[in-house]
Amino acid sequence: MKSSFNQPIVTHIYTADPSAHVFEGKLYIYPSHDLDHDGPSNDNGDQYRMEDYHVLSMEGIGAKAIDEGEALHLRDVPWASSQLWAPDAAFKNGKYYLFFPARDHDGIFRIGAAASDSPAGPFKAEPNYIPGSFSIDPAVLVDDDGKAYMYFGGLWGGQLEKWQSGAYEPQREGPASCEPALGPRVAKLSEDMLSFEAEPSEISIVDESGNPILAGDEDRRYFEGPWVHRYNGLYYLSYSTGTTHKLVYATSGSPTGPFVYRGVILPPVVGWTTHHSIVEFDGKWYLFYHDSSLSGGVNHKRCVKYTELHYNDDGTIRMIEPYAN
Ligand code: FUB
């Protein structure tokens with residue numbers, strides 16, 4: 001079956017958190033693989049108990065999505081104990097890298113790397129997580145100058161609040177609503193893509209007057225799922241607002257910010273989470289995202305979809321209406 005806009009690209013498994021890239025002339029999508037279970041569901045995200053990754057590929061827009069099979073399993077990641085959450089992939093120095101979060105053996109989310117000679121995998125995991133990594137949702141930008149940046153971080157189950165002092169504090173809560181919101185973290189990756197060149201720093205997201213977006217501004221503040229792409233010389237940081245279920249974006253002249261909030265890309269979809277990537281293919285731009293429509297709205301049984309993304313002349317992004325005809 002061919003794929004079409006705003007429809008699940010595969011239906012034989014539940015998929016989420018799609019990171020789309022063009023490798024070797026084809027679209028490769030790196031999603032989470034949701035499991036069907038009746039276990040507990042809570043704000044800690046225990047319902048998202050994924051154990052492996054399947055890479056999907058498409059010859060082009062409208063083509064059938066192919067499941068390339070299992071690319072990495074939890075049992076083959078020595079440092080990880082559970083919850084293989086939203087991954088991303090990158091190509092550098094002739095190798096493909098899969099970056100993924102998981103809980104370590106102390107239950108703390110860390111980010112690992114795995115490598116392959118093929119964009120479809122299978123990927124071989126490094127024995128340890130990336131030193132100095134924490135929280136979830138890695139997204140890697142290999143910039144035009146070859147420098148690679150990893151963006152990451154997620155609130156609540158993603159544990160970002162607990163790292164405010166630089167060390168893991170299990171009881172630490174997020175900032176008060178009148179304080180600046182926590183930003184995603186960014187770290188420059190080493191030449192071999194397997195470590196951070198320097199300690200991660202926090203990205204500042206500000207409004208049009210330069211004031212930090214506040215923690216209580218749940219329509220605009222960062223929650224999880226960062227993605228950075230370049231368009232017309234600007235860096236676009238897009239992310240999920242979590243509790244208000246939107247995908248929004250902010251722009252900057254620098255890959256490390258500060259980023260100025262610009263607007264909404266995708267209004268709330270079916271299901272609690274929303275997570276995406278943005279990719280250019282054959283001169284057009286596409287949003288890959290997920291919702292829970294395939295399971296009739298079960299939060300942890302999601303499906304990856306995609307649609308075209310349009311920019312206005314002033315560089316703003318036109319809001320997508322995913323359920324319009
Ligand atoms: O898929 C598990 C988690 O749900 C992801 O890491 C978040 O971005 C949210 O989509």
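Residues numbered from 1 in each chain as written. Predicted model: local features only at pLDDT ≥ 70, side-chain atom pairs only at ≥ 80, totals over all residues. Heavy atoms only, no water.

**A word on the sheet that holds strand β4 (residues 66-73)**
Quick reminder of the rule: For two strands to pair, DSSP has to find at least two bridges joining them. Note on conventions: DSSP H or I runs of at least 4 residues are helices, E runs of at least 2 residues are strands, and numbering of each starts at the N terminus. Only the stretch in contact is used when fitting a helix axis, every axis being a line fitted to C-alpha atoms; angles between N-to-C directions are given from 0 to 180 degrees.
If you walk across this open sheet you meet the four strands as β1-β2-β3-β4, and the pairing is antiparallel. The open sheet has two free edges, formed respectively by β1 (14-23) and β4, since each of these has just one partner strand. Each strand of the sheet is rotated relative to its neighbour by a mean of 25 degrees, with strand direction disregarded.

**Details of the packing of aromatic side chains**
Rules: What counts as a ring pair is set by centres within 6.5 Å for rings of Phe, Tyr and Trp (its six-membered ring), and what kind of pair is set by the plane angle: stacked under 30 degrees, edge-to-face over 60, tilted for all other angles. Burial classification: accessible surface area is computed with a 1.4 Å probe over protein chains only, and a residue below 20% of its type maximum counts as buried, one above 50% as exposed, and the rest as partly exposed. Note on criteria: charge over ring means Lys NZ or Arg CZ within 6 Å of the ring centre, with the direction from the centre no more than 35 degrees off the ring normal.
Here the structure, examined in full by the defined rule, presents 28 aromatic pairs. Aromatic side chains Y231 and W285 sit 5.8 Å apart centroid to centroid with 85 degrees between the ring planes, which places their arrangement in the edge-to-face category. With Y231 in strand β15 (residues 224-231) and W285 in strand β20 (residues 284-291), the pair connects residues that are 54 residues apart, well separated along the chain. A relative accessible area of 12% places W285 in the buried class. One aromatic cluster in this structure is built from F23, Y28, Y30, F91 and Y96. Between the NZ or CZ atom of R220 and the centre of the ring of Y261, over which it lies, the distance is 5.4 Å.

**Notes on the environment of Q171**
Mapped onto the secondary structure, Q171 falls in the loop between β11 (148-152) and β12 (185-188). Sequence-wise, Q171 and P131 are 40 residues apart; in three dimensions their C-alpha atoms are separated by 23 Å.

**Focus: the confidence of the model for the protein**
Interpretation of this model should avoid reading the predicted coordinates in detail wherever pLDDT is low. The following threshold applies: Looking at any residue, its pLDDT shows the predictor's confidence there, from 0 to 100.
For the protein, the mean per-residue pLDDT works out to 98, and 100% of the residues sit at or above 70. For this predicted complex, the interface confidence score (ipTM) comes to 0.98, while the overall pTM stands at 0.98.

**Things to note about the pattern of salt bridges**
This is how the line gets drawn: Note on definitions: salt bridges are taken to be side-chain nitrogens of Lys or Arg within 4 Å of carboxyl oxygens of Asp or Glu.
With the rule as written, the count across this model stands at 17 salt bridges. Its salt-bridge partner being D145, residue K147 comes within 3.9 Å of it at the nearest N-O pair. Take K147: its relative accessible area is 38%, and that puts it in the partly exposed class. A salt bridge links E169 to R172, with the shortest nitrogen-to-oxygen separation between them at 3.0 Å. Taking relative accessible area as the criterion, R172 reaches 32% and is therefore assigned partly exposed.

**Examining the site of the ligand**
Quick reminder of the rule: A cutoff of 4 Å decides nearness: a residue is near a molecule or strand if any of its heavy atoms lies inside that distance of it. Here a polar contact means two N or O atoms within 3.5 Å. Within protein one must be a hydrogen donor candidate and the other an acceptor candidate, and residues neighboring in sequence count only if both atoms are side-chain atoms. Polarity classes work like this: nonpolar for Ala, Val, Leu, Ile, Met, Phe, Trp, Tyr, Cys and Pro, charged for Asp, Glu, Lys and Arg, and polar for all others, with Gly in that last group.
Inspection of the region around the ligand gives D17, M50, W85, A86, I136, D137, E224, T273, H275, H290 and R302 as its neighbouring residues. In this structure, an oxygen atom belonging to the ligand sits 2.5 Å away from a side-chain N or O atom of D17. Contact between the ligand and H275: an oxygen atom at 2.7 Å from a side-chain N or O atom of the residue. The residue inventory of the shell around the ligand, partitioned by class, reads four nonpolar, three polar and four charged.

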